[in-house]
Amino acid sequence: MTAFEIAGRSFESRLIIGTGGFRSLESMREAVLASGADVATVALRRVDPSARGSILEVLDDCGCFLLPNTAGCFTARDAVATARLAREALETDWVKLEVIGDDKTLLPDPSELLDAAEELVADGFTVLPYTSDDPVLARRLEDAGCAAVMPLGSPIGSGMGIANPYNLRLIVEAARVPVILDAGIGTASDAALAMEAGCDAVLLASAVSRAREPAAMATAMRKAVEAGYAARHAGRIPRRLYGEASSPVEGVAELT
Amino acid sequence: MLTVTLNGQPRELPDGATVADAVRAVGAPEDGRGVAAAIDGEVVPRAQWTVRALIAEDRVEVLRAVQGG
């Protein structure tokens, strides 16, 4: 697998790991290492004095580049404020921009998302927006100066895979920035499909963190992303309505 | 004493308390790694924590990095 770049920064792994949902920091550490991910997302929340251990120490040990998110924000205003707090907390101007429009489906709010993206780009952020699988919105986000677009496969944590492969293909075909499939991955074949569809990377959390064996699923996801990428670049055969024999059709013996 | 809203809860702090005092009061790490503070939604840069005095009714949020997708 060749490295890929976001905003001039090079990453070896095309699997980005979200750290939400792990039962413990130790479980997270094992899974992050097994995933081979170079990038890990974190959220910002009010300080809980009873919390044990430091997620940052664990992710530093794993060699991860930190990507703070704006999870939990429902307005552009909150998302922009959260991004600025994350910049202060983690000394990074990278942000996974998430502006949710519906608390049941967790689908993005397109208009708040675009507003927030424009404001953060103007403020010097490297913005990676979690977006719906709408090709026009993806283009608008790219035009706004986002460093990548991150369409969902299906709602966050749903494990429903890629609900609209056609839209994803349209986004990939048109994008001039990296396309990272974000959300909805349930199992390894979903991640492989995303890469075969031409995504540059896959971001997932729940599929690994809530699996019965997170580290084992992280290994499966690493292999799936590698396999999907390899297959995409190996040039698959066309789909045919009828069969086409692979053994020679000439020289078949007459035996009866 | 002055009363501020600290992470959503009313909290009494000594007169002259700064953002650094609020950060300590919620039990955030002293070195501030992974921690950020805001007053009324505006980020207070770490360099100003020890000098930015709180006033009554400030809404202070002290956040830190946690697990999240």
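Here is a short report on the structure shown in this document. (Residues numbered from 1 in each chain as written. Chains lettered and ligands numbered in written order. Predicted model: local features only at pLDDT ≥ 70, side-chain atom pairs only at ≥ 80, totals over all residues. Heavy atoms only, no water.)

## Digging into the overall build of chain B
Of regular secondary structure, chain B possesses one helix and five strands. When the backbone C-alpha atoms are referred to their principal axes, chain B occupies close to 40 × 25 × 20 Å. Taken across its 69 residues, chain B has 43% of its residues classed as buried. Sequence-distant contacts, at least 24 apart, represent 50% of the contacts inside chain B between residues at least 6 apart. Put simply, chain B has 7 plus and 10 minus side-chain charges, and the middle of one group is 9 Å from the middle of the other. (Helix = DSSP H or I, 4+ residues; strand = E, 2+ residues; numbered from the N terminus. Buried < 20%, exposed > 50% of the residue type's maximum accessible area, 1.4 Å probe, protein only. Contact = heavy atoms within 4.5 Å. Lys, Arg positive; Asp, Glu negative; His and termini not counted. Charge placed at Lys NZ, Arg CZ, Asp CG, Glu CD.)

## Observations regarding the sheet that holds strand 8 (residues 150-151) of chain A
Pairing between the strands of a sheet comes from backbone hydrogen bonds, and it takes one of two forms, parallel or antiparallel. All names here are of chain A. Strand order in the open sheet made by the three strands is 6-7-8, with parallel pairing throughout. Strands at the two margins of the open sheet, each flanked by one partner only, are strand 6 (94-97) and strand 8. Relative to strand 8, strand 7 (residues 126-131) is paired through two bridges, and the arrangement is parallel. Considered in strand 8, the bridge of Y130 is made with M150. (Pairing = 2+ DSSP bridges.)

## Some words on the nonpolar core
In terms of nonpolar packing, the biggest core is built from 70 residues, with L59, L97 and V202 of chain A touching the most fellow members. The biggest single contributor to this core is helix 3 (residues 76-90) of chain A, with eight residues. Residue contacts for L97 of chain A: discarding those within four places in its chain leaves T70, A79, L113, A116, A117, L120, V127, L128, P129 and Y130 of chain A. Counting 20 residues, the second largest nonpolar core, distinct from the first, contains V19, A20, V26 and I39 of chain B. (Core = buried A, V, L, I, M, F, W, Y, C linked by side-chain atoms within 4.5 Å.)

## So, the side chain of R14 of chain A
Residues and elements named next belong to chain A. Tracing the sequence through the fold places R14 in the loop between strand 2 (9-11) and strand 3 (15-18). D200 is the oppositely charged side chain nearest to the buried, salt-bridge-free R14, at an N-O distance of 4.2 Å. A polar side-chain atom of R14 sits 2.9 Å from the main-chain carbonyl oxygen of D200. (Salt bridge = Lys/Arg side-chain N within 4 Å of Asp/Glu carboxyl O. Polar contact = N/O pair within 3.5 Å; in protein donor to acceptor, adjacent residues only side chain to side chain.)

## Digging into the interface of chain A and chain B
On the side of chain B, 25 residues touch chain A, which itself brings 30 residues to the contact. Contact between chain A and chain B buries roughly 2200 Å² in total, counting both sides, with carbon and sulfur atoms accounting for 56%. Connecting chain A to chain B are two salt bridges. R46 of chain B serves as the salt-bridge partner of E91 of chain A, at 3.7 Å between the closest nitrogen and oxygen. When its residues are assigned to classes, the side of chain A that touches chain B shows 16 nonpolar, seven polar and seven charged. (Buried area = accessible area lost by both parts, 1.4 Å probe. Nonpolar A, V, L, I, M, F, W, Y, C, P; charged D, E, K, R; others polar.)

## Quick word on the side chain of T126 of chain A
Residues and elements named next belong to chain A. Relative to the helices and strands, T126 is located in strand 7. Judged by relative accessible area, T126 falls into the buried class, the value being 14%. Ignoring anything within four residues of it in the chain, the contact list for T126 reads A7, D93, W94, V95 and A147.

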